[in-house]
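The chain contents come next:
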Amino acid sequence: MIATYSHTSLNGFLYFFKGVVCMGDIILPHGGFRHLVVYKKSDVIYQGTVAFCRRFLPAHGDRTVDQMTQAARSCKQNIAEGSAASGTSKETEIKLTNVARATLDELLEDYLDYLKSHGAAEWPATSEKKTAARDFAKSHADWKDWEKFFVSRPAETLCNLMIVVIQQTKYL
């Protein structure tokens, strides 16, 4: 029950005033995750992973597809969930953010494994391709900017692009 008369609250703690709980500012601002760059990049990772799997991995009989899409989805969903929980529990927000980061590590390994198993390699850190991918990823956090690559580029290129986005997202 919210008090209908004026009250003061300090540091978001509940106060009892004449037997009525006063909410004050106990619930901090939260949500708004769709505007976060980390969330937008996690959406690029999810959409890109789905597009990659549809083009290059078998639709049935390969657990890799499920593993990769679920890891990408989990990252995005944990960022959203952590943002929503941030108003009442910073601990929960931090835990969910760490889960999101851990799923990115899992997905990164899947892309590296794909490259290895198909006789391809991760672009060297100092290569022109890697530098160009990093520069593009720094300034493009919307799927609409990335979608065109997933229509025609080869698997090796897409793996390396996803590796760059994943690495950048882990540090946001």
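This one's a predicted model, so the numbers in the text were calculated from it and none came from an experiment.

Basis of the calculations
- Residues numbered from 1 in each chain as written.
- Predicted model: local features only at pLDDT ≥ 70, side-chain atom pairs only at ≥ 80, totals over all residues.
- Heavy atoms only, no water.
- Helix = DSSP H or I, 4+ residues; strand = E, 2+ residues; numbered from the N terminus.
- Buried < 20%, exposed > 50% of the residue type's maximum accessible area, 1.4 Å probe, protein only.
- Areas by Shrake-Rupley, 256 points an atom, 1.4 Å probe, with all protein chains shown as cover.
- Core = buried A, V, L, I, M, F, W, Y, C linked by side-chain atoms within 4.5 Å.
- Contact = heavy atoms within 4.5 Å.
- Axes fitted to C-alpha atoms, helices over the stretch in contact; angles between N-to-C directions.
- Parallel < 35°, antiparallel > 145°, perpendicular 65-115°, else oblique.
- Left-handed = near helix turned anticlockwise from the far one by under 90°.
- Nonpolar A, V, L, I, M, F, W, Y, C, P; charged D, E, K, R; others polar.

Details of the overall build of the chain
Right, on to step 1. Tallying secondary structure elements over the chain gives seven helices and two strands in all.
Right, on to step 2. Its helices and strands in sequence order give the chain the pattern β-β-α-α-α-α-α-α-α, from N to C terminus.
Right, on to step 3. Here the chain holds 172 residues, and 40% of them are scored as buried.
Right, on to step 4. On the chain, roughly 10,100 Å² of surface is accessible, and the fraction owed to carbon and sulfur atoms is 56%.

What about the nonpolar core?
Right, on to step 1. Counting 38 residues, the largest nonpolar core has Ile-45, Phe-52, Leu-107, Tyr-111, Trp-146 and Phe-150 as the members making the most contacts within it.
Right, on to step 2. Here this core takes nine residues from helix α7 (residues 155–170), the largest share from any one element.
Right, on to step 3. Once residues lying within four places of it in the same chain are set aside, the contact partners of Trp-146 are Val-44, Phe-136, Ala-137, His-140, Leu-161 and Val-165.

A short note on the side chain of Thr-103
Right, on to step 1. Structurally, Thr-103 can be placed in helix α3 (residues 90–117).
Right, on to step 2. In contact with Thr-103, not counting residues within four places along its chain, are Ala-71, Ser-74 and Cys-75.

Let's talk about the side chain of Ser-127
Right, on to step 1. Its place among the elements puts Ser-127 in the loop between α3 and α4 (128–139).
Right, on to step 2. A relative accessible area of 16% places Ser-127 in the buried class.

A look at the packing of helix α1 (residues 37–56) against α7
Right, on to step 1. Two elements in contact, α1 and α7, have axes separated by 10 Å at closest approach and are oriented at 160°. By the angle between their directions, the pair α1 and α7 is classed as roughly antiparallel. As for how α1 packs across α7, the hand of that crossing is left-handed. When α1 is examined against α7, the residues Val-38, Lys-41, Val-44, Ile-45, Gly-48, Thr-49, Phe-52, Arg-55 and Phe-56 are found in contact with a partner set consisting of Ala-155, Leu-158, Cys-159, Met-162, Val-165, Ile-166, Gln-168 and Thr-169.
Right, on to step 2. In terms of residue class, the contact of α1 with α7 is built from 11 nonpolar, four polar and two charged.

Structural notes on the packing of α4 against α7
Right, on to step 1. In the contact formed by α4 and α7, the axes pass within 9 Å of each other and the chain directions differ by 50°. Overall, the two elements α4 and α7 adopt an arrangement that is oblique. Of the two elements, α4 crosses α7, and the hand of that crossing is right-handed. From α4, Lys-130, Ala-133, Arg-134, Ala-137 and Lys-138 reach across to α7, where they touch Leu-161, Ile-163, Val-164, Val-165, Gln-167 and Gln-168.

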